Structures are given as C-alpha cells and as structure tokens.
Amino acid sequence: RKEVEQDPGPFNVPEGATVAFNCTYSNSASQSFFWYRQDCRKEPKLLMSVYSSGNEDGRFTAQLNRASQYISLLIRDSKLSDSATYLCVVTPFTGRRALTFGSGTRLQVQP
Amino acid sequence: DGGITQSPKYLFRKEGQNVTLSCEQNLNHDAMYWYRQDPGQGLRLIYYSQIVNDFQKGDIAEGYSVSREKKESFPLTVTSAQKNPTAFYLCASSHNEQFFGPGTRLTVL
C-alpha cells in the first residue's frame, strides 16, 4: 500500500464549479500535512498547510481527519488558472522532515 | 531575490558517465533535500541533509551521492550505477515548509 494515495483524475470541471480532492495516508504517526500545486513541467509550490481544525485561504479549504487518516482540498469557483496537478503531502514522522508525496490529482478547468 | 537555483535546466548524459547536478539556496535554510520525479508519479526522496557536513539516505539513494560542505550548496551526483537515471530532479530546502528549485531534467542517451 502506498504511504499517500490520491485519485489521479483527471477531474474535468467547468469554470465556476466547486471541486474536491481527497487523499489518504497510511502512517498514523504522520505529523504535518500540506497541499502543493504543480504546473506541467514545473516544480511543486506550496498551496497550503493543513491543520486539524481545518483552514481556508480564499477559494481553497483544507481539512484533516486524523481518525480516518484523510486530507481533503476543496476549491470553490474554479478558475482556468487552477488547472494543475495537486499533490497531497505528509511528513511521515519526526526526525526526518522530508516529505512523502502522493502521485497527484490532475485538475482541468474548462471554459 | 531569495530562492533556490538549480543548474543546468536540461542535462544529457551518455550511459556510463557520472554527472553532477547543482543546487544552491540563499534562504539561510539548514535543511536541504533531493527528490526525483518520474512521469505520472509523485516525488521520491533521494538524499537529505539537515545540517552542514551531514546527510542521510532517502528512499532511493542507490546510484546517487551527495555532499554538504556549505550551508548554501547541496550538489547531487548521478553515478553510472544508477540504472534508470532519466527523470526530473528537484532540490528543496526548508526551515518549516519546503521550497523547491526549478528542477533539472536529466536524459540518458
């Protein structure tokens, strides 16, 4: 079983739609959680950290469910510029702060 | 501007050659990392360094080597022992969150 699993998509949605991605992780000792965005042939860029209480940044909302070991990302009012691959990322345990990445979910927002 | 630079952007190598990928950061971060990404896959950790003169193997270290003689620099050598080196290589550094360089695309001819 992969440490971090995501639906690869693609998710094809019209502009203005609301879309949600889920991600599950296998290590219950995971410490920190993030969503990164990666454009085609570019480096990943941090979109947002994910906190236990949930957090929102504009049109983006992230949630963490430790009991069920999943993380979600909700994008409201999708824009064409949101088209990218969204990577779910966890820090597996203390002492090694390197990140474990999911394979990513591809989003294509269509006009 | 503060950031992470990687060079070269594209690199072509013949089989049997060693090549070294450069990574420099001026963010004053202690920790630095090397990942590789294959098409349609997530990033996999090759090596990481949490402090100067110290580094640790990641999940796929075989066929790679690194050094960390300066805080700003963390070069990665892809040796001839790496069986399938064609990939996108990403360097990152962190204080808390990780920031990535623009990457190097290595192709073995």
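I will try to describe carefully the structure that is included in this document. (Residues numbered from 1 in each chain as written. Chains lettered and ligands numbered in written order. Predicted model: local features only at pLDDT ≥ 70, side-chain atom pairs only at ≥ 80, totals over all residues. Heavy atoms only, no water.)

### Considering the overall build of chain B
Across its full length, chain B holds zero helices and eleven strands. The order of helices and strands in chain B, counted from the N terminus, is β-β-β-β-β-β-β-β-β-β-β. Relative to its length of 109 residues, chain B is compact, with a C-alpha radius of gyration of 13 Å against a globular reference of 13 Å. Within chain B, the fraction of its 109 residues that count as buried is 50%. Across chain B, the mean location of the 11 positive side-chain charges is 8 Å away from that of the 11 negative side-chain charges. (Helix = DSSP H or I, 4+ residues; strand = E, 2+ residues; numbered from the N terminus. Rg over C-alpha atoms; globule rule 2.2 N^0.38 Å. Buried < 20%, exposed > 50% of the residue type's maximum accessible area, 1.4 Å probe, protein only. Lys, Arg positive; Asp, Glu negative; His and termini not counted. Charge placed at Lys NZ, Arg CZ, Asp CG, Glu CD.)

### A look at the interface of chain B and chain A
How big an interface is tends to be stated in terms of accessible area lost as the parts join. Of the residues lining the interface, 23 residues belong to chain B; the matching set on chain A comes to 18 residues. Buried area between chain B and chain A, summed over both chains or domains, comes out near 1,700 Å², and the portion from carbon and sulfur atoms is 48%. Between the two partners, chain B and chain A, sit zero salt bridges. Where chain B packs against chain A, one counts four residue pairs in polar contact (both at pLDDT 80 or more). Take the side of chain B that touches chain A: its biggest share by element is four residues, from strand β5 (residues 43-51) of chain B. (Contact = heavy atoms within 4.5 Å. Buried area = accessible area lost by both parts, 1.4 Å probe. Salt bridge = Lys/Arg side-chain N within 4 Å of Asp/Glu carboxyl O. Polar contact = N/O pair within 3.5 Å; in protein donor to acceptor, adjacent residues only side chain to side chain.)

### Some points on the environment of Thr24(A)
Along the polypeptide, Thr24(A) turns up in strand β3 (residues 19-25). When near neighbours in sequence (up to four residues on either side) are disregarded, Thr24(A) contacts Arg1(A), Glu3(A), Val4(A), Glu5(A), Gln69(A) and Tyr70(A).

### Some details on the sheet that holds strand β8 (residues 76-78) of chain B
The strands making up a sheet associate through backbone hydrogen bonding, with each pair oriented either parallel or antiparallel. Residue and element names in this part refer to chain B. Taken in spatial order, the four strands line up as β1-β3-β8-β7 in an open sheet, and their pairing is antiparallel. On the outer flanks of this sheet lie β1 (4-7) and β7 (64-66), each paired with one strand and no other. Going across the sheet, the axis of each strand differs from the next one's by a mean of 20 degrees, ignoring polarity. With three bridges connecting them, β7 and β8 associate as antiparallel partners. (Pairing = 2+ DSSP bridges. Axes fitted to C-alpha atoms, helices over the stretch in contact; angles between N-to-C directions.)

### Side note on the pattern of salt bridges
One pass over the full model with this rule turns up seven salt bridges over all chains. In this structure, Arg37(A) engages Asp39(A) in a salt bridge whose closest nitrogen and oxygen atoms are separated by 2.9 Å. For Asp39(A), a relative accessible area of 32% translates into the label partly exposed. In this structure, Asp38(B) and Arg44(B) form a salt bridge, with 2.8 Å as the shortest nitrogen-oxygen distance. Judged by its relative accessible area of 33%, Arg44(B) is partly exposed. Each of Arg36(B), Asp38(B) and Arg44(B) takes part in salt bridges that share partners, so that together they form one network.

### A closer look at the state of the cysteines
Residue and element names in this part refer to chain A. One pass over the structure, following the stated rule, counts two disulfides over all chains. Across the disulfide from Cys-23 sits Cys-88; the S-S distance is 1.9 Å. Every disulfide takes its handedness from the sign of the S-S torsion; for Cys-23 and Cys-88 that torsion is -70 degrees, giving left-handed. Of this pair, Cys-23 sits in strand β3 while Cys-88 sits in strand β9 (residues 84-91); the two residues are 65 residues apart in sequence, bridging distant segments of the chain. Exposure class is identical for Cys-23 and Cys-88. Each is buried. (Disulfide = S-S within 2.5 Å.)

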